[in-house]
Amino acid sequence: MKIGVLEQGKRSQNTNSLLTIEDIIEYALEADKLGFSRFWLTEHHYSFITHSYANPDILISIIAGMTENINVGAAGVLVNLYAPFSVVSNYKLMNNLFHNRIDLGLANSLTDIPYVNSANDSRMNDDNFSQFFRKKVTEMSNLIHNEEKYLQEEGVVIPPYKGIKPNLWYLSTSYKSQEFIIKNKLNICRSIFHNRGQILDNLDYDRESLLELKNTFKELNGYFPQVSLSLAFYISESIAESKKMIDAMNASKSPGTQDPYIVIPTTPSHFYDLLHEYREQFGINEFILYDTGKDNSKKLENLEIISEMFNLTNVVVS
């Protein structure tokens, strides 16, 4: 079993963004030391003044340069805010500078801030932004996988020419877009913590759809895609205490705001059993974990607990 980490850039005790960035770097270095497979940073555009970062690209390059083994990446880039050529240029260069350890996650979303969204094509709106997302992802995949064609027909070179291709990851809550995933050679990270009608006590594991996707992908592309499952958790000494802390975090949100995340209340022993159960039920061997606690010292402590439980320092990460 491989286990990665998701970072959202929030620390409750910090009074400014630079202190949080220091915590994020410390968190990433510890994850690398303790044998975690990935360290993914989300892209969010918040409106509070201690917001630590928006686009994670610079942090990704800093963390990749300070670590040795862990894959570092975005989960994910808000594709509709950027030109495909710009994104691919940055991530391909980083992937070659840092020895094939850079992941490019692709998020189909807009922000809640009209000014930020104004960077989009003026024809884009809430009804059609998914169409623009698919078009841009297709162009990114073509730029990555058809270098010679773009050089000969468009005079385009994305340095280093013929270098190592960055890993593209499709972020979703289901496997409904199989044809799109296979055609564009996308790895898959399925989320069970985004609140899109999912219920923890009644999850649709959909193992058969994943198996079909993987086999068709292999038949058409010559290799299997990488697959992971992302989930959010709060860990303490008892389930009751974890539930209490989750309820307190939800209560602190603005009135009428729907909690966007489904958070699992857990303890170390419960979490160990749960991930093994999920591995069997989902047919997935890698998990990307979002620790919803906001205290950095506690997050570091949880990394040690999880690493020891799953013997991560002895796992060969590929």
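Residues numbered from 1 in each chain as written. Predicted model: local features only at pLDDT ≥ 70, side-chain atom pairs only at ≥ 80, totals over all residues. Heavy atoms only, no water.

(A) Just the overall build of the protein chain, in detail. A tally of helices and strands in the protein chain yields 11 helices and 9 strands. Here the C-alpha atoms of the protein chain give a radius of gyration of 19 Å, agreeing with the 20 Å that 2.2 N^0.38 yields for 318 residues. With respect to the principal axes defined by its C-alpha atoms, the protein chain has extents near 60 × 45 × 40 Å. Sorting the 318 residues of the protein chain into buried and exposed places 51% on the buried side. Looking at the protein chain alone, contacts between residues at least 24 apart form 74% of all its contacts between residues at least 6 apart. As displayed, the protein chain offers around 15500 Å² of accessible surface, 50% of which is attributable to carbon and sulfur atoms. The distance from the centre of the 29 positive side-chain charges to the centre of the 39 negative ones in the protein chain is 5 Å. (Helix = DSSP H or I, 4+ residues; strand = E, 2+ residues; numbered from the N terminus. Rg over C-alpha atoms; globule rule 2.2 N^0.38 Å. Buried < 20%, exposed > 50% of the residue type's maximum accessible area, 1.4 Å probe, protein only. Contact = heavy atoms within 4.5 Å. Areas by Shrake-Rupley, 256 points an atom, 1.4 Å probe, with all protein chains shown as cover. Lys, Arg positive; Asp, Glu negative; His and termini not counted. Charge placed at Lys NZ, Arg CZ, Asp CG, Glu CD.)

(B) Quick peek at unusual backbone geometry. The omega torsion of the bond from A75 to G76 falls at -5°, within 30 degrees of zero and hence cis. By secondary structure assignment, the location of G76 is in strand β3 (residues 71–78). Cis geometry marks the peptide bond from P159 to P160, where omega comes out at -10°. Here P160 lies in the loop between α6 (147–154) and β5 (167–172).

(C) A look at the nonpolar core. If you look at the biggest cluster of nonpolar residues, it comprises 68 residues, and the most contacted ones within it are F36, F39, L231 and Y278. Broken down by element, this core gets its largest block of residues, 6 residues, from helix α1 (residues 17–33). When sequence neighbours within four positions are dropped, the list of residues in contact with Y278 reads I192, L200, L203, Y205, L229, L231, I264, G283 and F287. (Core = buried A, V, L, I, M, F, W, Y, C linked by side-chain atoms within 4.5 Å.)

(D) Examining the environment of L97 more closely. Structurally, L97 can be placed in helix α3 (residues 84–97). Sequence separation of L97 and S109 is 12 residues, and the distance between their C-alpha atoms is 29 Å.

(E) Spotlight on the pattern of salt bridges. One pass over the structure, following the stated rule, counts 8 salt bridges. K33 serves as the salt-bridge partner of E30, at 3.3 Å between the closest nitrogen and oxygen. Placement of the pair is E30 and K33 together in helix α1, with a separation of 3 residues, close to one helical turn. The buried category is assigned to E30, whose relative accessible area is 14%. Connected through salt bridges with shared partners, the residues R38, D103 and E286 form a single ionic network. (Salt bridge = Lys/Arg side-chain N within 4 Å of Asp/Glu carboxyl O.)

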